[in-house]
Amino acid sequence: MPNLRTMKEPDSIEALPPQGSYSGTGTGTVAEVILKQLKLWGVKRIYGVVGDAIFGLMDALAKQSDIAFIAVKHESAAAMMASAEAKLTGNLGVCVAQMGPGLANLVNGLGDAYLDKAPVLAITGQAPLNKIGTFYKQYINQQELIAPISSYSQLVVHPDAVVDSLTQAMLVSISNRTVTHLSVPKDLFHLPSSIQPREPYRAVLPSSVTEPLQQALPFMQSAKQPMLLIGRGARSGREEIQSLAEAWGSGMAMSYGAVGIIPDAHPLMLSGLGEGGNPYLAELFKQADLVLAIETTWWPEGAVPDNPRVIQIAEKSADLGAAIPADIGIAGDIPTVVRHLTDGLSNHRTNPAWITRIRQCKQTWSVQNERERNQPGSPLAPSCLIRILEQTLAEDAIVALDEGDSTLWFLRNFRPRGQHVLLSDRWRTMGFGLPAAMAAKLCSPNQQVVCITGDGGLGMVLADLVTAARYRLPITVIVFNNGTLQMERDKMTMEGLRPEGTNLSNPDFAKVAEACGWKSYRIETAEQMEQALAQSKTSPIPVLLEVLTARIPHPDFSSP
């Protein structure tokens, strides 16, 4: 495969004050200055758990009303909520924690943000200035601890350095869509700072990227069997992408977790590629002579054409060629770039034979999908649960997926109409669903928010059921309860191994949820599921549906 031929840096920076030039009104303690700057940069909430090394920051939070503090039960949930907010909104997510074990507990959620390119800032306490480097309780070198999952981590050692350090952390996080971190010594929060908060910059994407576009269009014009591979970062260009597919005569394949960006009803939409997707799509995708990959760094093993030409589009030039062997890379605003490509194909003649094969692939899978979704019986088949849920979801609903077997059934059998799906894409941590749903409801209080999780995933964050009740977040959580880690069980069985450790000892989730202030249902039939979902849509408090689910091996992990 040829090397990446050309790329264009998409970002320029305007209105960034020169070094030493600040704007704002008044100074205050380091904690107050941090909050003032976060407010200037659009931060509306901070997730975390209180600890003595951040008492100064918590005191400052209590004395203002512009930024809400969302207190969770475990720091991992705080970081996952910050990651989910960043993924959903594109804005900076912020979490705080105690030094040492607090930061260690944040690591799981920060790893999710780092691998999924979500802009998240973590602020943690640190030992007092005169105890750094000693045997002080909970002291470790936090910069070394977080280095593998962050792009910037700094220890602030002077009250007048906090603005520069915070600005750098936020710039790196937002510009590179990554995790950054500040360690602030316990006593520093209380000290006065003479430096005023700094205003945010404005990132400007180019309106055109002429040279790589001119190189890409001849390849696209000559393609006879084109395919689009669409990543979850392409949501901003969803309308433009559909127009491009129609003008080019290409099928649309979704990368892992990109479900919902393009409605299933579109005739060229072929569902997901690879794990949890359309089982007939891989064979068709292998036949493509040109693949246009949009906002994805995922290249599906076992489904790659032999010698395709590959054009990759990404908003950030750093994403070009990193995981996909692209011939041409185009960095820029996704809707703008896709519109230019569509305009360049105005005289293109599509290949009727290829479009026929695309539609045959779609039809074959549609018939099988419908058959899978209508399996009768109790306990309920996972695919049947997905069908019932699909009928109750609003078109603009947000669906938070946990990691595990329930997610693969959703990706396989759900037919989206435009819903926004949140999941742990590359980190794939269990326990992501509930925190993500809570963050989504805080960010979008007027939208329907549903979490799909397994009994294993929910068990990891069970304490934070109290958090949803505390903040009266009317989300709906659907628990696939089959008493096992089904995905791990299936994979081990498929490999001829004994599935040790996959059986679960579960509480009565419905009773636990009720004790935490939720409305709950224990579901055994399709009729009960339909009634409970209908009632949950108007509930003013969170609702948990514990569904007794059949132990059906997912088709991707069934033994041949």
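In the block above lies the structure referred to throughout.
In this report, we go over the structure that sits alongside the text. (Residues numbered from 1 in each chain as written. Predicted model: local features only at pLDDT ≥ 70, side-chain atom pairs only at ≥ 80, totals over all residues. Heavy atoms only, no water.)

**Considering the sheet that holds strand S19 (residues 449-454)**
Alright, step 1. Strand order in this open sheet of six strands is S18-S17-S19-S20-S22-S21, and the pairing throughout is parallel. Both outer strands of the open sheet, strand S18 (420-422) and strand S21 (519-523), are each paired with one neighbouring strand and no more. For this sheet, the mean inter-axis angle between neighbouring strands, taken without regard to orientation, is 20°.
Alright, step 2. The sheet contact formed by S21 and strand S22 (residues 543-548) spans five bridges and is parallel. Following the sheet pairing, Lys519 is matched in S22 by Val543.
Alright, step 3. On top of the sheet, helix H19 (residues 526-536) reaches strand S20 (476-481), S21 and S22; it is set at about 165° to S21, its chief contact. (Pairing = 2+ DSSP bridges. Helix = DSSP H or I, 4+ residues; strand = E, 2+ residues; numbered from the N terminus. Axes fitted to C-alpha atoms, helices over the stretch in contact; angles between N-to-C directions. Contact = heavy atoms within 4.5 Å.)

**Brief notes about the packing of aromatic side chains**
Alright, step 1. Summed over all chains, the structure comprises two aromatic pairs.
Alright, step 2. Seen in terms of ring centroids, Phe285 and Trp299 are 6.4 Å apart; in terms of plane orientation they differ by 70°. Their pairing is edge-to-face. Taken together, the residues Phe285 in helix H9 (residues 281-285) and Trp299 in the loop between strand S14 (290-294) and strand S15 (309-314) connect sequence positions 14 residues apart. You'll find Phe285 and Trp299 in the same group, each marked buried.
Alright, step 3. Between Phe410 and Phe414, the aromatic rings sit 4.4 Å apart at their centres with planes inclined by 15°, giving stacked as the arrangement.
Alright, step 4. The exposure class of Phe410 is buried, given its relative accessible area of 0%.
Alright, step 5. The class of Phe414 is buried, set by a relative accessible area of 2%.
Alright, step 6. A cation sits over an aromatic face here: Arg428 above Tyr256, 3.6 Å from the ring centre. (Phe/Tyr/Trp six-rings, centres within 6.5 Å; stacked < 30°, edge-to-face > 60°. Buried < 20%, exposed > 50% of the residue type's maximum accessible area, 1.4 Å probe, protein only. Lys NZ or Arg CZ within 6 Å of the ring centre and 35° of its normal.)

**Description of the pattern of salt bridges**
Alright, step 1. With the rule as written, the count across this model stands at 21 salt bridges.
Alright, step 2. Here Asp66 makes a salt bridge to Lys39, at a shortest N to O gap of 3.2 Å. Here Lys39 lies in helix H1 (residues 30-40) and Asp66 lies in the loop between helix H2 (55-62) and strand S4 (68-71), a separation of 27 residues in the sequence.
Alright, step 3. For Lys39, a relative accessible area of 46% translates into the label partly exposed.
Alright, step 4. Of the charged contacts, one joins Arg415 and Glu390 as a salt bridge, the two residues approaching to 3.3 Å between their closest N and O atoms. Taken together, the positions of Arg415 in the loop between helix H13 (405-413) and S18 and Glu390 in helix H12 (residues 382-392) put the pair 25 residues apart, joining distant regions of the chain.
Alright, step 5. Arg415 gets classed as partly exposed once you look at its relative accessible area, which sits at 28%.
Alright, step 6. In this structure Glu390 comes out as buried when scored by relative accessible area, which is 11%. (Salt bridge = Lys/Arg side-chain N within 4 Å of Asp/Glu carboxyl O.)

**Looking at the sheet that holds strand S13 (residues 269-272)**
Alright, step 1. With parallel pairing, six strands are arranged side by side in an open sheet as S13-S12-S11-S14-S15-S16. Single-partner strands in this sheet number two, and they are S13 and strand S16 (328-331). The mean angle between the axes of side-by-side strands here comes to 20°, regardless of whether they run parallel or antiparallel.
Alright, step 2. Packed on one face of the sheet, helix H8 (residues 238-248) meets strand S11 (226-230), strand S12 (251-254) and S14 and runs near 165° to S11.

**Structural notes on a nonpolar patch on the surface**
Alright, step 1. Taken together, the side chains of Leu129, Val157 and Leu191 present a nonpolar region at the surface, about 220 Å² in accessible area.
Alright, step 2. Locating Val157 in the fold gives a position in the loop between strand S7 (152-155) and helix H6 (162-176). (Patch = residues over 30% accessible without salt bridge, like charges linked within 9 Å, V, L, I, M, F, W, Y side chains within 5 Å. Areas by Shrake-Rupley, 256 points an atom, 1.4 Å probe, with all protein chains shown as cover.)

The values are spatial; any link to function lies outside them.
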